[in-house]
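# Observations on the three-dimensional arrangement
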Amino acid sequence: MPTFDIHMKHNEDTLMALSHMQYDLFCTRNRIARSALSAVLIVVGVIYGSNWWSLLIVGYGVYLMTSTYAAANHTARKLAEQLKAAKLPFPSSRYVFEAERMRIYTLPDGEEMEPLRYSAVLRLGEDRDAYYLFRDPYGGYRVPKKALGEREEEFCRFVQTKTGKPFYRRRPTPLQRLREWLRRREQEPEHL
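Note that the structure is a prediction, hence the values are computed from the model and not measured. (Residues numbered from 1 in each chain as written. Predicted model: local features only at pLDDT ≥ 70, side-chain atom pairs only at ≥ 80, totals over all residues. Heavy atoms only, no water.)

## Notes on the sheet that holds strand β8 (residues 167-169)
Here is the rule: By the convention used here, strands pair only if DSSP detects at least 2 bridges between them. Only DSSP runs of H or I covering at least 4 residues are called helices, and only runs of E covering at least 2 are called strands; the numbering of each starts at the N terminus. In this analysis, axes come from line fits to C-alpha atoms, helices being fitted only over the stretch in contact, and the angle between any two N-to-C directions falls in the range 0 to 180 degrees. By definition, residues are in contact when any of their heavy atoms lie within 4.5 Å.
Read across the sheet, 4 strands follow the order β7-β6-β5-β8 without closing on themselves; strand pairing throughout is mixed. Since the sheet does not close on itself, it has two edges, and those belong to β7 (139-144) and β8, each with one partner. Between one strand and the next, the sheet's axes are offset by a mean angle of 25°, whatever the strand orientation. Bridging between strand β6 (residues 130-136) and β7 involves 6 bridges; their strand directions are antiparallel. Bridging across to β7, Y132 finds its partner in R142. Packed on one face of the sheet, helix α1 (residues 12-26) meets β5 (123-126), β6, β7 and β8 and runs near 60° to β6.

What follows is the structure, given as structure tokens:
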């Protein structure tokens, strides 16, 4: 009997989120190199501020700092555009979490794919909306938190115990927290 039975339907946003988590989990060296190079370029540009080219260097440093997910966004958008151009639906799956493995079914046809043994999970990730299980740096599965309902903590413990790995939790940046606060504020009723 399955422990958890989850249905997942992708859309452009979920593909983007999956791509971002993939970058966070598997491109750490790239992120560190971009950040270091960005800081060096900005400092050099400020030091040589009287030269015309210093503005270009600062601009490129800022671009490196702010375009962290540019490659991940490109990949997710390209996949979404290909699906739309081919008039295909976004991927939809059913994940059945059993004692020793996760069974994966494509929907709507119900064809079973190769199961994912928990021992084969390479990394786990979590963001505000979902949990992610990656079998390798190129492919992963997104489990929406809404689909878990009140069993979210139980699911988290179950997966961490079975895989022996912790969830990497992406912390929102200050700008993301401000956007979320503004979004919630807009949805509140008028205050007197």
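## Points about the pairing of strand β1 (residues 4-9)
Put simply, the rule is: For the exposure calls, accessible area comes from a 1.4 Å probe over protein chains only, and a residue counts as buried if that area is under 20% of its type's maximum, exposed if over 50%, partly exposed in between.
The side-chain alternation of β1 yields one buried face, formed by F4, I6 and M8, and one unburied face, formed by D5, H7 and K9. The pairing of β1 with strand β2 (residues 92-97) spans 6 bridges and is antiparallel. When the sheet's bridge partners are listed, H7 is paired in β2 with R94.

## Brief notes about the nonpolar core
What counts here: Note on terminology: a nonpolar core comprises buried Ala, Val, Leu, Ile, Met, Phe, Trp, Tyr and Cys residues joined through side-chain atoms within 4.5 Å.
Formed by 21 residues in total, the largest nonpolar core has its most connected members in Y95, F97, M102, L133, V143, F155 and V159. Ranked by the residues each element gives to this core, the list is headed by helix α6 (residues 152-163), at 4 residues. M102 has contacts with Y95, V96, F97, P115, L116, Y118, L133 and Y141, leaving out every residue within four places of it along the chain. Listed in part, the 7 residues of the second largest apolar core include A17, A130, Y132 and F134.

## Examining the layout of surface pockets
Rules: Cavity and pocket criteria rest on a 1 Å grid covering protein atoms alone: a 1.4 Å probe that fits but cannot get out defines a cavity, protein on both sides within 12 Å along at least 5 of 7 lines defines an open pocket, and an atom within 4 Å of a point defines a lining residue. Grid points are joined across faces, edges and corners, and a volume is the space filled by probe spheres set on the points. Three classes are used, and their members are as follows: Ala, Val, Leu, Ile, Met, Phe, Trp, Tyr, Cys and Pro are nonpolar, Asp, Glu, Lys and Arg are charged, and the others, Gly among them, are polar.
The calculated volume of the second largest pocket comes to roughly 440 Å³. If you go around the second largest pocket, you meet 20 residues; those closest to its centre are H10, L15, L18, L79 and G140. Those elements giving two or more residues to the lining of the second largest pocket turn out to be α1, α4 (70-85), β2, β3 (101-106), β6 and β7. A class-by-class count of the residues in the lining of the second largest pocket yields 11 nonpolar, 8 polar and 1 charged.

## Here we look at the packing of aromatic side chains
Here is the rule: In this analysis, rings of Phe, Tyr and Trp, with Trp reduced to its six-membered ring, are considered paired at centre separations within 6.5 Å, and the interplanar angle assigns stacked below 30 degrees, edge-to-face beyond 60, and tilted for intermediate values.
Per the counting criterion, the structure on display carries 11 aromatic pairs. Taking 5.6 Å as the distance between ring centres and 75° as the angle between the ring planes, the aromatic pair formed by Y95 and Y141 counts as edge-to-face. Of the two residues, Y95 sits in strand β2 while Y141 sits in strand β7, which places them 46 residues apart along the sequence. Here Y95 and Y141 have matching classes, each one buried.

## Regarding the packing of α1 against α4
Axis angle and axis distance: for two packed helices, these are the angle between their axes and the distance between the axes, and together they describe the pair. What counts is decided by this rule: By convention, the crossing between two helices is left-handed when the near helix turns anticlockwise from the far helix through less than a right angle, and right-handed when the turn is clockwise.
The N-to-C vectors of α1 and α4 enclose an angle of 145°; their axes lie 8 Å apart at closest approach. Of the two possible hands of crossing, α1 and α4 adopt the one that is right-handed. On α4, the residues that touch E12, L15, M16, S19, H20 and Y23 of α1 are A72, N73, T75, A76, R77, L79, A80 and K84. For the contact of α1 with α4, the class distribution of residues is 7 nonpolar, 4 polar and 3 charged.

Coordinates in, geometry out; function isn't part of it.
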